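In case you want the letters, here they are:
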Amino acid sequence: MKTTRTTPRQPAPTTAPTPAPRPDTHEMVVIHRGLRREARLLVRMIAEVAPGDTARARVLADHFRIYRLGLHQHHTGEDAYLWPPLLARVDLEADVVLRMEAQHERVAATLAAVEAAVTAWEAGAGETERDTLTALLTEHRAVLVEHLDEEERSLLPLAAEHLSVSEWKAMGEHLVATTPKPELLFLLGVALEEADAQERAAMLRGLPLPGRLIWHLVGRPAYARKVRSLRRGHR
């Protein structure tokens, strides 16, 4: 009588779960680059305005307010969509997030002081008011740069590790939904001005097709014209 041998069943091969995609936090570095530049140029351009040149004062005062809007929207997006999920998921690094929140308050305080000084200066473009304003802008820039540097160094690695792609994108969606479109196009230009080809392509990929078309047909030429007007004669 023949005995039938059975081959032991081999366990089915296991596959490691595919890790969830992580957000590309480098886009914030690109945005920060534009904010640093505009904060620096505001100090220099306002310092060069001749006493009594109210037309130039109004132009730069309006530019400051767009800059302030962009920075405010950027920070309120972080306050609403970045800090809460990070605080819920980090432990030892919670002090980093809390420090970012405190730095936002300091930046906001310097912006409020600058806004009051801008209002005082643009009415008559007085020399004393101009010098007060440039001193306050210099202080604002120092506080801002300290914050942006630490955010890039300490906070962005945490965001890349702990946030989903959709959670990260919520900040940009907040900016788009709450910013008037002309100002939004200008702020996009601020971010893209010094971006390299790869950075520019990555940021524009995040826009829907109509948004990319509007940028290329309307936003980019309008930004170029405004920048030429703002920086005319700037040394």
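Before reading further, recall that the structure is shown in the block above.
Residues numbered from 1 in each chain as written. Predicted model: local features only at pLDDT ≥ 70, side-chain atom pairs only at ≥ 80, totals over all residues. Heavy atoms only, no water.

Enquirer: Is there a simple way to explain the overall build of the protein chain in this structure?
Expert: Looking only at helices and strands, one finds nine helices and zero strands in the protein chain. Going from the N terminus to the C terminus, the protein chain shows its helices and strands as α-α-α-α-α-α-α-α-α. Taking 235 residues into account, the globule formula puts the C-alpha radius of gyration at 18 Å, and the protein chain, at 24 Å, lies well above it. Along the longest, intermediate and shortest principal axes, the C-alpha atoms of the protein chain span 115 × 45 × 30 Å. Within the protein chain, buried positions represent 39% of all 235 residues. If you take every contact in the protein chain between residues at least 6 apart in sequence, the share linking residues at least 24 apart comes to 81%. Accessible area of the protein chain: about 13,300 Å², with a carbon and sulfur share of 58%. Across the protein chain, the mean location of the 31 positive side-chain charges is 9 Å away from that of the 32 negative side-chain charges. (Helix = DSSP H or I, 4+ residues; strand = E, 2+ residues; numbered from the N terminus. Rg over C-alpha atoms; globule rule 2.2 N^0.38 Å. Buried < 20%, exposed > 50% of the residue type's maximum accessible area, 1.4 Å probe, protein only. Contact = heavy atoms within 4.5 Å. Areas by Shrake-Rupley, 256 points an atom, 1.4 Å probe, with all protein chains shown as cover. Lys, Arg positive; Asp, Glu negative; His and termini not counted. Charge placed at Lys NZ, Arg CZ, Asp CG, Glu CD.)

Enquirer: Would you mind showing me how to read the side chain of T134 here?
Expert: Inspection of the secondary structure assignment puts T134 in helix α5 (residues 127–162). Within the structure, the side chain of T134 is placed 3.0 Å from the backbone oxygen of D131, a separation counted as a polar contact. Apart from residues no more than four positions distant in its own chain, T134 is found in contact with V43, I46 and A47. (Polar contact = N/O pair within 3.5 Å; in protein donor to acceptor, adjacent residues only side chain to side chain.)

Enquirer: Quick question: what am I supposed to make of empty space enclosed by the protein here?
Expert: Unfilled space is identified by rolling a water-sized probe across the atoms. In this structure the tally under the stated criterion is one cavity of 30 Å³ or more. Its boundaries defined by the atoms lining it, the largest cavity holds a volume of some 40 Å³. Lining the largest cavity, in full, are L35, E38, Y67, G70, L187 and V190. Of all the elements in the fold, those that place two or more residues in the lining of the largest cavity are α1 (26–47), α2 (54–81) and α7 (181–192). Here the residues of the lining of the largest cavity sort into four nonpolar, one polar and one charged. (1 Å grid on protein atoms, 1.4 Å probe; cavity = no way out; pocket = protein on both sides within 12 Å on 5 of 7 lines; lining within 4 Å. Points joined across faces, edges and corners; volume = space filled by probe spheres on them. Nonpolar A, V, L, I, M, F, W, Y, C, P; charged D, E, K, R; others polar.)

Enquirer: Which parts of the structure should I look at to understand the layout of surface pockets?
Expert: Counted as a void, the largest pocket has a volume near 1,200 Å³. Lining the largest pocket are 37 residues; nearest its centre among them are G172, L175, V176, M203 and L207. When contributions to the lining of the largest pocket are tallied by element, the ones reaching two or more residues are α1, α2, α6 (165–178), α7, α8 (197–205) and α9 (209–230). At eight residues, the largest contribution of residues to the lining of the largest pocket is made by α6. When grouped by side-chain class, the residues that make up the lining of the largest pocket number 22 nonpolar, seven polar and eight charged.

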